[in-house]
Amino acid sequence: MSKFSITGGKSLEGTITVSGAKNAVLPIIAASLLCAEPIQLDDAPDLLDVNVMNQVISALGATVERNGSTLKIHAHEIDCIEAPYDLVSQMRASIVTMGPLLARKGHVRISHPGGCAIGSRPINWHLKGLEALGAEVKMDHGFLDVSSKGLRGARIYLDYPSVGATENIMMAAAMAHGTTLIENAAQEPEIVDLATFLNEMGGKVRGAGTSIIHIEGVREFHSTSHTVIPDRIEAGSYLLIVAATGGDVLVQNVIADHLKPLIAKMEEAGVRMIEEGDGIRISGDGVYNAVDIKTQVHPGFPTDLQAPFMAFLTRANGTGLFTETVFENRFMHVDELKRMGADIKIEGRSAIVQGIQRLNAAPVTATDLRAGAALILAALTAEGTTAIRGIHHIDRGYEKVEEKLSRIGADIVRED
Ligand code: EPZ
């Protein structure tokens, strides 16, 4: 079992470059199943989750080649409509292959994705949207069997702006007969990047990034190459890490507009940041005032940055209140931070964080991807050397994390 060994207390200097967005490239790889011609994706991060998605579409008949951060995908023939259980169970995001497979082949079998550490993660809104487009959904020994004799455009109101449901419905509607309206759609930047990709392939999607998305079905798609947007959650995690350790770092390859909620809360805490070229420069001494955080769907404060922000506030002056409204169990990092001396109390869906002088090193375990990022931040500010286990969670969403952090002066070593 690999672990990170991190010695805290050093301020960070230099430039750190953000990779392409995991949560954009995953649905875009699935969307490439809609097209019988070759697709090229640039800035596709080399992450565990991306490799799993590549294995899923390969099992369905597509060819995938990686050359650095470029993926060449060719779904010339889809000769299988069943996403392999062992891959889907590894990564629930595989569920977004349902929409494109249904659109291209009229049939998909996929195991109902399990929950994960942060919640039960149901897919009822995905299925309700696909049924509205004319699909028939059956449960067969733990497998979802979804088929249609021809998808037809529909007006779909989402009970909740679910990111995955919006993506699945958008991709199924992209080849449906007629027009589809998705109301109360998710507005995340990754939804916009997926819509941009669909349109670059010849799709007709309008309104992505707002709560109403308008999709006109087309008969086929053509070759294109697409550059994946920068990962706003990776960028936000690094901004918080530098704010916590102190120093002077340029976080490069950032679309500041995608990080407005985070930047607003960090500035409220007293962090100094300025836009510089295609990045954000952050400098400071590592101590700030506490603020309150409530996670919301975009453009609210992103749930994926709740854990890293909480780690950042463990040493702030004052008390911060965190409320997690998106997932029902996303405070697992709290127990690990408390092992390092943090003063945090959970009350239902809220956590009260009382700032302390300094965290102490302690052996801790990452329970999920963003909890892992929070523990890296905590270890970089703590007194002593911290061992973090469960780092395969971190490798799911942070490309070359120890290389990138070492390059700006962090003392982090991966030990097998
Ligand atoms: C996406 O997950 C992201 N994953 C998550 O990032 C992110 O936290 C989440 O959106 C919210 O922004 C990818 O894009 C691969 P949802 P997704 O559907 O699509 C419930 C990370 O760390 N729900 O918007 O699964 C669900 O249980 C990951 O990178 C239903 O009840 O998020 C959750 O409580 C973690 N029924 C809430 O809605 C449904 O049919 C939001 O889920 C669908 C969702």
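Definitions and cut-offs
Residues numbered from 1 in each chain as written. Predicted model: local features only at pLDDT ≥ 70, side-chain atom pairs only at ≥ 80, totals over all residues. Heavy atoms only, no water. UniProt positions renumbered as here; feature names shortened; annotations may be inferred. Buried < 20%, exposed > 50% of the residue type's maximum accessible area, 1.4 Å probe, protein only. Helix = DSSP H or I, 4+ residues; strand = E, 2+ residues; numbered from the N terminus. Pairing = 2+ DSSP bridges. Contact = heavy atoms within 4.5 Å. Axes fitted to C-alpha atoms, helices over the stretch in contact; angles between N-to-C directions. Near = heavy atom within 4 Å. Polar contact = N/O pair within 3.5 Å; in protein donor to acceptor, adjacent residues only side chain to side chain. Areas by Shrake-Rupley, 256 points an atom, 1.4 Å probe, with all protein chains shown as cover. Domains from an automatic or database assignment. Buried area = accessible area lost by both parts, 1.4 Å probe. Salt bridge = Lys/Arg side-chain N within 4 Å of Asp/Glu carboxyl O. Parallel < 35°, antiparallel > 145°, perpendicular 65-115°, else oblique. Left-handed = near helix turned anticlockwise from the far one by under 90°. Nonpolar A, V, L, I, M, F, W, Y, C, P; charged D, E, K, R; others polar. Core = buried A, V, L, I, M, F, W, Y, C linked by side-chain atoms within 4.5 Å.

- By the naming in an unreviewed UniProt entry, the protein chain is UDP-N-acetylglucosamine 1-carboxyvinyltransferase, taken from Desulfosporosinus metallidurans.
- The record held by UniProt for the protein chain lists under Function (unreviewed entry) the comment "Cell wall formation. Adds enolpyruvyl to UDP-N-acetylglucosamine."

### Some remarks on helix α10 (residues 306-313)
Part 1: Burial analysis of α10 places eight of its eight residues in the buried class, which makes it a mostly covered element.
Part 2: All of the buried residues in α10 are Gln306, Ala307, Pro308, Phe309, Met310, Ala311, Phe312 and Leu313.

### So, the sheet that holds strand β8 (residues 136-140)
Part 1: Pairing in this open sheet of four strands is mixed, and the strands run β6-β7-β9-β8 from one edge to the other. Across the chains shown, the open sheet's two edge strands, defined by having one partner strand only, are β6 (82-83) and β8.
Part 2: Here β6 pairs with strand β7 (residues 107-111) via two bridges, running parallel. Across the sheet, Ala83 pairs through a bridge with Ile110, a residue of β7.
Part 3: Contacting β7 and β9 (143-147), helix α4 (residues 98-105) crosses the sheet at an angle of about 155° to β7.

### Considering the site of the ligand
Part 1: In the neighbourhood of the ligand, 22 residues make up the surrounding shell, with Asn124, Trp125, Ser162, Asp304 and Val326 lying closest.
Part 2: Trp125 has a polar backbone atom sitting 2.8 Å from an oxygen atom of the ligand.
Part 3: Note that an oxygen atom of the ligand is positioned 2.6 Å from one of the side-chain N or O atoms of Asp304.
Part 4: Here the ligand has 840 Å² of accessible area as a free molecule, and 88% of this is covered by the chains.
Part 5: When residues of the shell around the ligand are traced back to their parent elements, those giving at least two are α1 (22-31), α5 (124-132), α6 (163-173) and α12 (369-381).
Part 6: Summarising the domain contributions, the shell around the ligand has at least three residues from each of domain 1 (3-19 + 230-415) and domain 2 (22-227).

### Some points on the sheet that holds strand β14 (residues 224-227)
Part 1: The sheet built from four strands is open, its strands ordered β4-β5-β3-β14 with mixed pairing. Both edges of this open sheet fall to β4 (63-67) and β14, since each of them pairs with a single strand only. Taking each pair of neighbouring strands and ignoring which way they run, the sheet shows an average axis angle of 15°.
Part 2: The pairing of β4 with strand β5 (residues 70-74) spans five bridges and is classified as antiparallel. If you follow Val64 over to β5, its bridge partner there is Ile73.
Part 3: Lying on the sheet, α1 is in contact with β3 (38-42), β5 and β14; it crosses β3 at an angle near 175°.
Part 4: Across the sheet, helix α2 (residues 48-59) is in contact with β4 and β5; its angle to β4 comes to roughly 150°.

### Section: the domain arrangement of the protein chain
Part 1: Parsing the protein chain into structural domains produces domain 1 (3-19 + 230-415) and domain 2 (22-227).
Part 2: Each partner contributes to the interface: domain 1 provides 23 residues, whereas domain 2 provides 20 residues.
Part 3: Across the interface of domain 1 and domain 2, roughly 1,800 Å² is buried in total on both sides, 53% from carbon and sulfur atoms.
Part 4: The three residues of domain 1 that bury the most area against domain 2 are His298, Arg396 and Glu399, which together make up 31% of that side's buried surface.
Part 5: At the boundary of domain 1 and domain 2, one finds two salt bridges.

### Let's talk about the UniProt feature "modified residue: 2-(S-cysteinyl)pyruvic acid O-phosphothioketal" (unreviewed entry) in the protein chain
Part 1: Summarizing the sequence annotation, UniProt attributes the feature "modified residue: 2-(S-cysteinyl)pyruvic acid O-phosphothioketal" (unreviewed entry) to Cys116 in the numbering used throughout.
Part 2: For Cys116, the position within the fold is in the loop between β7 and α5.

### Quick look at the packing of helix α11 (residues 332-339) against α12
Part 1: α12 packs onto α11 with a crossing angle of 20° between their chain directions and a minimal axis gap of 9 Å. Taken together, α11 and α12 sit at an angle that is classed as roughly parallel. Handedness of the crossing formed by α11 with α12: right-handed. Counted together, His333, Glu336 and Leu337 of α11 and Ala371, Ala374, Leu375 and Ala378 of α12 form the full contact between these two elements.
Part 2: Among the residues forming the contact of α11 with α12, the class breakdown is five nonpolar, one polar and one charged.

### Overview of the packing of helix α8 (residues 232-245) against α12
Angle between the axes and distance between the axes are the two parameters that describe a pair of packed helices.
Part 1: For the pair α8 and α12, the least separation of the axes is 9 Å and the interaxial angle reads 20°. With respect to their mutual orientation, α8 and α12 come out roughly parallel. Considering only the axes of α8 and α12, their crossing is right-handed. Facing Ile233, Ser237, Leu240, Ile241, Ala244 and Thr245 of α8, the residues of α12 in contact are Arg370, Ala373, Ile376, Leu377, Leu380 and Thr381.
Part 2: Class assignment of the residues belonging to the contact of α8 with α12 gives a composition of eight nonpolar, three polar and one charged.

### Observations regarding unusual backbone geometry
Part 1: Cis geometry marks the peptide bond from His298 to Pro299, where omega comes out at 10°.
Part 2: Within the secondary structure, Pro299 sits in the loop between β18 (293-294) and α10.
Part 3: Phi angles above zero are rare outside glycine, and His141 is one such case at about 55°.
Part 4: In this fold, His141 is placed in the loop between β8 and β9.
Part 5: Relative accessible area serves as the criterion here: at 81%, His141 is assigned to the exposed category.

### Considerations on the nonpolar core
Part 1: Ile29, Leu34, Leu41, Leu133 and Met170 are the most contacted members of the largest nonpolar core, which totals 73 residues.
Part 2: At seven residues, α1 tops the list of elements feeding residues into this core.
Part 3: Residues within four places of Leu41 in sequence aside, it is in contact with Val25, Ile28, Ile29, Ser69, Thr70, Leu71, Ile73, Phe197 and His226.
Part 4: Core analysis: the next-biggest nonpolar cluster, separate from the first, contains 71 residues, Ala342, Leu369, Ala373 and Ala378 among them.

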